[in-house]
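Chain and residue survey
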Amino acid sequence: MADPARTPVALAVVGAGLIGRRHVEHVIGEECARLAAIVDPSPDARSFAKSKDAPWYPDFADMIADRRPEGVIVATPNQRHVVDGLRCVEAGLPLLIEKPIADDVVEARRLVEAAETAGVPLMVGHHRRHNPLIREAKRAIEAGRLGRLASVHATCWFSKPDEYFDLEWRRRKGAGPVFLNLIHDVDLLRHLCGEIVSVQAMESNALRGNEVEETAVVLLKFASGVLGTVNVSDKIVAPWSWELTSGENPAYAHTQESCYLIGGTLGSLTVPYLDLWKHPTKPNWWEPIVAERIPVEREDPLALQIRNLCEVVRGAAAPVVSGREGLETLKVIAAIKAAAASGGAIDID
């Protein structure tokens, strides 16, 4: 009799765009999983499914009527996340939904509460939390190696080419770097430093003149008293962003720089390189200061995310990033946008 813990979990991927196709490749590449189906109405998706020798369906209902997977990865456009997520919940299928969990907080809450009420596991694709770099950073913080945290800074500078904006929706409100990119960084800052309770922000579209911002600066206040600053722009040529420093995605150049600085009373940590700076004797700016690089074994966070999904489906693990965690991160992003529009501080509800 086959061991259920060793039988590959049948996973369907709904949405065969860029991120959906990366999920397909990782499902195929992991021993714990097998590709049950690809769901996407486009002819390109049908051809892609054929190239992977995978069943193809134009719609979720068509798939469910023909075959039932054990879990689902939802990688459709943002505005479809809640609709597709609710379909999975109604079918009783554990799911991983790409970030952001929804377009707005109200809809995100509706999906999270539906999943919780139905007892259906819901994961959100903030995959960076799966990265061993982040696991080791959090371990160092929780072990007290930095002392009591005082402040954190994140730089998210990168340059999107002009042709990126040929698609009209990328020039419209809701498609700027705060919503599309910074949401990942905010999620990591919450994960490493605790809950954010208040934000202030300014944003600018002075360079491109699109409806959407290209630059924003943000002040964060954490429940612990930690204060943070974040500077994001998709119009700056620079090496200081998670994409260009972490090396987790081969599509980007890999620099030897850091993008987060986390400071405490006993030491400071660079992320992702994990250089821990300390005074060897006692905290004193007149004393020598040295750095120790925390060792880490690198692994692909998207692959680790698939493994977590398989364990969640089997009932052997909890989601690394739950639906409610995705909701809490979205609340912060919504507050940042509201603060930039109002010019004042916004408390997180």
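Preceding this section is the structure that the text describes.
Here goes a summary of the coordinates provided. (Residues numbered from 1 in each chain as written. Predicted model: local features only at pLDDT ≥ 70, side-chain atom pairs only at ≥ 80, totals over all residues. Heavy atoms only, no water.)

The full count for this structure, using the stated rule, is 28 salt bridges. With a shortest N-O distance of 3.0 Å, Glu136 and Arg139 are connected by a salt bridge. Residue Glu136 and its partner Arg139 are both found in helix α6 (residues 132-142); the two are separated by 3 residues, about one turn of the helix. The closest approach of N and O atoms between Glu203 and Lys337, which form a salt bridge, is 3.1 Å. With a gap of 134 residues between them, Glu203 in strand β8 (residues 196-204) and Lys337 in helix α10 (residues 323-342) connect regions that are remote in the sequence. Judged by relative accessible area, Glu203 falls into the partly exposed class, the value being 35%. One network of salt bridges, with partners in common, ties together Arg129, Asp187, Arg190, Glu195 and Glu325. (Salt bridge = Lys/Arg side-chain N within 4 Å of Asp/Glu carboxyl O. Helix = DSSP H or I, 4+ residues; strand = E, 2+ residues; numbered from the N terminus. Buried < 20%, exposed > 50% of the residue type's maximum accessible area, 1.4 Å probe, protein only.)

Once that is clear, we can look at the pairing of strand β4 (residues 71-74). Consecutive residues of a regular strand have side chains that alternate between opposite faces of the sheet. Because side chains alternate across β4, one face comprises the buried residues Gly71 and Ile73, and the other comprises Val72 and Val74, equally buried. Relative to β4, strand β1 (residues 9-14) is paired through 4 bridges, and the arrangement is parallel. When the sheet's bridge partners are listed, Ala12 is paired in β4 with Val72. Pairing between β4 and strand β5 (residues 95-97): 3 bridges, direction parallel. Bridge assignment links Val74 to a residue of β5, and that residue is Ile97. (Pairing = 2+ DSSP bridges.)

With that settled, consider empty space enclosed by the protein. Inspection of the entire model under this criterion finds 1 cavity of 30 Å³ or more. If you add up the space inside the largest cavity, you get close to 40 Å³. Taken together, Phe165, Arg170, Ala175, Gly176, Pro177, Arg208, Asn210, Val212, Glu213, Glu214 and Asp234 make up the full set of residues lining the largest cavity. Considered class by class, the residues forming the lining of the largest cavity number 4 nonpolar, 2 polar and 5 charged. (1 Å grid on protein atoms, 1.4 Å probe; cavity = no way out; pocket = protein on both sides within 12 Å on 5 of 7 lines; lining within 4 Å. Points joined across faces, edges and corners; volume = space filled by probe spheres on them. Nonpolar A, V, L, I, M, F, W, Y, C, P; charged D, E, K, R; others polar.)

The subject of this paragraph is the environment of Lys235. Position of Lys235 among the secondary structure elements: in the loop between β10 (227-233) and α8 (242-245). On the basis of relative accessible area, Lys235 is assigned to the partly exposed category, the value being 34%. With 64 residues separating them in the primary sequence, Lys235 and Glu299 have C-alpha atoms 30 Å apart. Apart from residues no more than four positions distant in its own chain, Lys235 is found in contact with Phe158, Asp162, Leu207, Arg208 and Glu214. (Contact = heavy atoms within 4.5 Å.)

Right, let's get into the pairing of β10. Pairing of strand β7 (residues 149-157) with β10, which is carried by 7 bridges, proceeds in the parallel orientation. Looking at β10, one finds that Cys156 is bridged to Val232. Here 7 bridges tie strand β9 (residues 215-222) to β10, and the two strands are oriented antiparallel to one another. Looking at β10, one finds that Leu220 is bridged to Gly228.

Following both chains from N to C, one finds helix α4 (residues 81-90) and helix α5 (residues 105-118) inclined at 5°, their axes separated by 10 Å at the closest point. Considered as vectors, α4 and α5 are oriented roughly parallel to each other. On the side of α4, the interface is formed by His81, Val82, Gly85, Leu86 and Val89, while α5 contributes Glu107, Ala108, Arg110, Leu111, Ala114, Ala115 and Ala118. A breakdown of the residues in the contact of α4 with α5 according to their chemical character gives 8 nonpolar, 2 polar and 2 charged. (Axes fitted to C-alpha atoms, helices over the stretch in contact; angles between N-to-C directions. Parallel < 35°, antiparallel > 145°, perpendicular 65-115°, else oblique.)

If you trace the backbone, Asp53 turns up in the loop between α2 (43-51) and β3 (56-57). For Asp53, a relative accessible area of 72% corresponds to the exposed category. A sequence separation of 168 residues divides Asp53 from Lys221, and the C-alpha atoms of the two residues are 50 Å apart.

Let us look at the sheet that holds β4. The 6 strands lie next to each other as β3-β2-β1-β4-β5-β6, forming an open sheet whose pairing is parallel. The open sheet has two edge strands, β3 and β6 (122-124), and neither has a second partner. Here β1 pairs with strand β2 (residues 33-39) via 6 bridges, running parallel. Paired with Ala10 across the two strands is Arg34, which belongs to β2. Most of the contacts of helix α9 (residues 301-314) go to β1, to which it runs at about 120°, and overall it touches β1, β2, β4, β5 and β6.

By themselves these figures say nothing about function.
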